[in-house]
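An overview of the molecular structure
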Amino acid sequence: MELRWLESFVVVAEELHFARASDRLHLAPSALSAQVRALESHLGVRLIDRGRRTRPALTGAGRLFLEEARLTLAQAARAEAVGRRAGRGELGHAQIAYVASAAFSGVLTDVLTRCAVPGTDLTLQVRELETPAQLEALACGDIDVGFLRWRPVYPPEVTAACLLTEDVVLALPAGAPLAAYEAVPASELRDENFVAPDFDEEYGCRDQILEVARQGAFSPRCAAPVRDYIAALTLVGGGLGVALVPDSLRRANIPGVAYRTVADVALTTRLVGAYRKGETSPAVRGVIRRLRQAAATAVTAATTVTAG
């Protein structure tokens, strides 16, 4: 049974006039009549009485069939609309992971806001996950998009776009003598314990601490590694050390923590959006498209600031 047969029957049933129905459907009357007959032959029942001297009329079977035909056409239209929207990435599901520090950068919420535009019904599941675990989850398909700290190398099936480059600042106990500095000389940090995410898993932290230590001419003392930057700031607030953290983490408002620049070392860190190469899911491709838009906006903003 073809949908065009149903459409022809419904229009004839509504008009009860083959000529007017032909005009609505932009069909020749003979073609319209042939489609209705094909439907009746397929069902094995007459749906329309075609009087020579009277207007066509629905049979009892035709009246019963009309309601079902309308429902079928409506459902077919809904199915087509869903298919087209899914193909455009406006419907579907995506798993997103982020490092804790990304929540304070504004980039994650920017991408999520872009995904929530009117007419889009994406179901997004968002969870916190460390950078190494995100890369593993991306590679095996457990997540679709990750917001993580830059890595020099990614798994072969994963690619990344830079979303934000920000300064790295020194977090120190608010009551410490070093808080009196507006910018702390690197040499003044020789007796401090540096707290950072696990050195074996977080690229950048180790290099940043070593760079500060080289500038200050000392060997760094490092506390036991912690899970993430938020844990590091908690220890700093408790007076147990100092930490080098992305500037956006000021927004975390951890009690007892002050933020200062390092006077003689300029450090930066990058937040990236990572995803699988050759992604096939239209919904995930929609999220990736919005992530790329955010990355392009970040590049434009950085260029404008530099030019200014």
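This text goes with the structure placed above it.
Residues numbered from 1 in each chain as written. Predicted model: local features only at pLDDT ≥ 70, side-chain atom pairs only at ≥ 80, totals over all residues. Heavy atoms only, no water.

**A few points about unusual backbone geometry**
Negative phi values dominate among residues other than glycine, just as trans dominates among peptide bonds. Our working definition: Numbering of helices and strands runs from the N terminus; a helix is a DSSP stretch of H or I covering at least four residues, while a strand is a stretch of E covering at least two. Working definition: with a 1.4 Å probe on protein chains only, accessible area under 20% of the residue-type maximum means buried, over 50% means exposed, and in between means partly exposed.
For Ala217, which is not glycine, the phi torsion reads 60 degrees and is therefore positive. Counting through the fold element by element, Ala217 comes out in the loop between α7 (205-216) and β9 (221-222). Classification of Ala217 by relative accessible area gives exposed; the value is 61%. Of note, Asn253 is a non-glycine position whose phi angle comes to about 55 degrees, a positive value. By the secondary structure assignment, Asn253 is in the loop between β10 (243-246) and β11 (257-262).

**Some thoughts on the environment of Glu130**
Put simply, the test is: Should any heavy atoms of two residues lie within 4.5 Å, those residues are considered in contact. Under this definition, polar contacts are N or O atom pairs within 3.5 Å; protein pairs additionally need one hydrogen-donor-capable and one acceptor-capable atom, and for neighbouring residues in sequence, both atoms have to be side-chain atoms.
One can find Glu130 in the loop between β4 (121-128) and α6 (131-140). Distance in space between the C-alpha atoms of Glu130 and Arg70 is 52 Å, their sequence separation being 60 residues. Residues contacting Glu130, with those up to four places away along its chain left out, are Val99 and Arg227. A distance of 3.2 Å separates a polar atom in the side chain of Glu130 from a polar atom in the side chain of Arg227.

**Quick look at the nonpolar core**
Condition: What we call a nonpolar core is a set of buried Ala, Val, Leu, Ile, Met, Phe, Trp, Tyr and Cys residues that are connected through their side-chain atoms within 4.5 Å.
Ranked by size, the top nonpolar core spans 36 residues in total, and within it Leu170, Ala171, Leu189, Val212, Leu233, Leu244 and Val245 carry the most contacts. Those elements that provide at least two residues to this core are β6 (158-173), α7, α8 (229-237), β10 and β11. With five residues, the top contributor of residues to this core is β6. Dropping the residues within four chain positions of it, Leu170 is found in contact with Val184, Leu189, Val242, Ala243, Leu244, Ala258, Tyr259, Arg260 and Val262.

By themselves, these figures tell us nothing about what the structure is for.
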